[in-house]
Amino acid sequence: MNKELIINAVPQGVEIALLEDKKLVELHHEKADASFAVGDLYLGKVKKLIPGLNAAFVDVGFEKDAFLHYTDLSPYARSLLKFTTQAINDNSPQGFNFATFQVEPEIIKTGKINEVLSGKPNILVQILKEPIAAKGPRLSCEISLPGRFVVITPFNDIVAVSRKIHSAEERKRLQKIVEAIKPKNFGVIVRTAAEGKNTAELHEDLAELVETWQTIQGNLKGAVASAKILSEQTKTTSILRDLLNEDFNRVVVNDRNIYNDTRNYIQRIAPEKAEIVSFYNNGLPIFDQYGITKQVKAAFGKTVNLPSGAYLIIEHTEALHVIDVNSGYKSVGNNQEQNALETNLEAAAEISRQLRLRDLGGIIVVDFIDMKLPDNKRKLLEAMEECMRPDRAKHAVLPISKFGIMQITRQRMKPEMNINTQEVCPSCAGTGKISSTLLLEDEIEKNLSYLITHQHKNLSLVVHPIMHAYLTKGSLFKSKQWKWRWKYGQKVKIRENTNYHLTEFHFFDKHDDEIKL
């Protein structure tokens, strides 16, 4: 599978498109003034404790207080509170040595929020979910700093290896390496990308993350809530960090600064891949050049067409998303069951793409075409799980119910991507009604009279083909064109242009320059 990242810098921010085998699968938009992104670290001030919800509202500088539930506190919440206070009040020039930090006892899973956050203290928090609709950000105290091969979690000494690494020997090897190089007071999660990596590569990645933690510690010194302590990497570098592998064969950027930053980042994390970054400065917009604009227009909207003629209807409600699969004119053969299976398998691939592309989250209900055979239902479930495998968001796929419905849950981290692909009709301006042809004819004649009165000669009138047929229809002496010639004493050429909308018309002089009215 070939992966390409196309980056379009615009005044409002940066648009990032991820292509897999030339097909658009993810679209990200990073605003120039982006804040409260997933992974950002803030120094927050506890504003209100809600024992009934076992949660707290925390001021992190957003217009609405952020939400922190007890289950997101982390077992090491007391250690985090102690660290936050110690770092803010630290006066030593180099900062205190985190390796000597005394970790506090863990909190219990069934505890109460007011037992941990009594006194409404300042606390270091991480954005778990971006602000969505009327809700403020959702926070977590389980601080984690992701690298390319490992993730570090302060205040514990646990080493865990990704379960997606199937080889037991490889898991043991990675566990031993990380246990040998891990600093004190840091837990480490070994990512799938670490498979086959040597000690030096893992140590370099780990050292960078520990340095980031020291930066956080330094930024906390003297900080006053609410304040941003550390930003997550840009969308570009975070995507590259998570996805860069041998399948990645091109990164194209149309901004010189982003090009340099991206190239330097890849040079640092994967020097052998540095040459895949290229700078784009051709005249055509970069998204048009790589066919992304057309794919966006085709992929967003209520109806999504599939190559076979089948189509999806995607509806949104406050609580869930509903997707209906329709066979359309698809008819491969006389076997209805086989037709249904083939249409459903095609729809499953497109649905998995749509979930990533629109970043749909929460509950997704899919109404597939009814199938009777249990084997076919099982095949569809397996296909859906396989199609969802590349999705980085946490998700779960349930088997088809007796009503023919498949339920999918997908982690929602930020507002869904919603692009309006419809355009206002230039003829009716969205009203659904246009002026009568008779009135349009009067308007054209009024403008013609004005131009002839002001000594314009050898005029050409360019109109839509339907209007052209109307003005030139009839015998030579009965057409509107002839009547105008008879009335104004000069010939008016009438030409058609298929690019004009129905009621559009323009006058041109003898040099074929448009006459502005």
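Shown above is the structure to which this text applies.
Residues numbered from 1 in each chain as written. Predicted model: local features only at pLDDT ≥ 70, side-chain atom pairs only at ≥ 80, totals over all residues. Heavy atoms only, no water.

Visitor: Hey, could you go over the overall build of the protein for me, with residue numbers and the actual values?
Guide: On a plain count of helices and strands, the protein comes out with 13 helices and 24 strands. For a compact globule of 517 residues, the expected C-alpha radius of gyration is about 24 Å, and the protein comes in at 31 Å, more than 25% above that figure. Dimensions along the principal axes, computed over C-alpha positions, put the protein at roughly 100 × 65 × 55 Å. Burial status across the protein gives 44% buried among its 517 residues. (Helix = DSSP H or I, 4+ residues; strand = E, 2+ residues; numbered from the N terminus. Rg over C-alpha atoms; globule rule 2.2 N^0.38 Å. Buried < 20%, exposed > 50% of the residue type's maximum accessible area, 1.4 Å probe, protein only.)

Visitor: Tell me about the packing of helix α9 (residues 336-358) against helix α10 (residues 374-388), and please be specific about residues and values.
Guide: One can describe the packing of α9 onto α10 by two numbers: an axis separation of 9 Å at closest approach and a directional angle of 20°. As judged from the angle between their axes, α9 and α10 are roughly parallel. The chirality of how α9 crosses α10 is right-handed. Of the residues in α10, those touching α9 at E337, L341, N344, L345, A348, A349, I351, S352 and L355 are N376, K379, L380, A383, M384, C387 and M388. For the contact of α9 with α10, a count of residues per class yields 11 nonpolar, 3 polar and 2 charged. (Axes fitted to C-alpha atoms, helices over the stretch in contact; angles between N-to-C directions. Parallel < 35°, antiparallel > 145°, perpendicular 65-115°, else oblique. Left-handed = near helix turned anticlockwise from the far one by under 90°. Contact = heavy atoms within 4.5 Å. Nonpolar A, V, L, I, M, F, W, Y, C, P; charged D, E, K, R; others polar.)

Visitor: Please provide a residue-by-residue account of empty space enclosed by the protein, values included.
Guide: Per the counting criterion, the structure on display carries 1 cavity of 30 Å³ or more. Reported here for the largest cavity is a volume of approximately 40 Å³. What lines the largest cavity is simply F368, I369, D370, M371, K377, I400 and G404. Among the residues forming the lining of the largest cavity, the class breakdown is 4 nonpolar, 1 polar and 2 charged. (1 Å grid on protein atoms, 1.4 Å probe; cavity = no way out; pocket = protein on both sides within 12 Å on 5 of 7 lines; lining within 4 Å. Points joined across faces, edges and corners; volume = space filled by probe spheres on them.)

Visitor: So, a positive patch on the surface: which residues are in play, and what are the values?
Guide: A surface patch of positive charge is lined by K45, K47, K48 and K120. Within the secondary structure, K120 is located in the loop between α2 (113-116) and β7 (122-129). (Patch = residues over 30% accessible without salt bridge, like charges linked within 9 Å, V, L, I, M, F, W, Y side chains within 5 Å. Areas by Shrake-Rupley, 256 points an atom, 1.4 Å probe, with all protein chains shown as cover. Salt bridge = Lys/Arg side-chain N within 4 Å of Asp/Glu carboxyl O. Lys, Arg positive; Asp, Glu negative; His and termini not counted. Charge placed at Lys NZ, Arg CZ, Asp CG, Glu CD.)

Visitor: Talk me through unusual backbone geometry; I want residue IDs and the actual numbers.
Guide: Here the residue pair A225 and S226 is connected by a cis peptide bond, since its omega of -5° sits within 30 degrees of zero. In this structure, D21 takes a positive phi of about 50° despite not being glycine. For D21, the position within the fold is in the loop between β2 (13-20) and β3 (23-31). Of note in this structure, N185 is not a glycine but carries a positive phi near 70°. Position of N185 relative to the elements: it lies in the loop between α3 (168-181) and β12 (186-190).

Visitor: Before we move on, could you go through the nonpolar core and cite the residues and values that matter?
Guide: Ranked by size, the top nonpolar core spans 58 residues in total, and within it L73, F83, L117, L124, W213 and I216 carry the most contacts. Excluding residues within four positions of it along the chain, W213 makes contact with F83, F98, L124, I143, L145, P154, F155 and F186. Counting residues in each nonpolar core, the second largest holds 26 residues, with L306, I351, L360 and M388 among its members. (Core = buried A, V, L, I, M, F, W, Y, C linked by side-chain atoms within 4.5 Å.)

Visitor: So, the packing of helix α1 (residues 77-88) against helix α4 (residues 199-220): which residues are in play, and what are the values?
Guide: Following both chains from N to C, one finds α1 and α4 inclined at 60°, their axes separated by 7 Å at the closest point. Taken together, the axis directions place α1 and α4 in an arrangement best described as oblique. Residues F83, A87 and I88 of α1 touch α4, and the partners they reach there are W213, Q217 and L220. Residues of the contact of α1 with α4, tallied by class, amount to 5 nonpolar, 1 polar and no charged.

Everything listed here is a matter of coordinates, which is why it stays silent on function.
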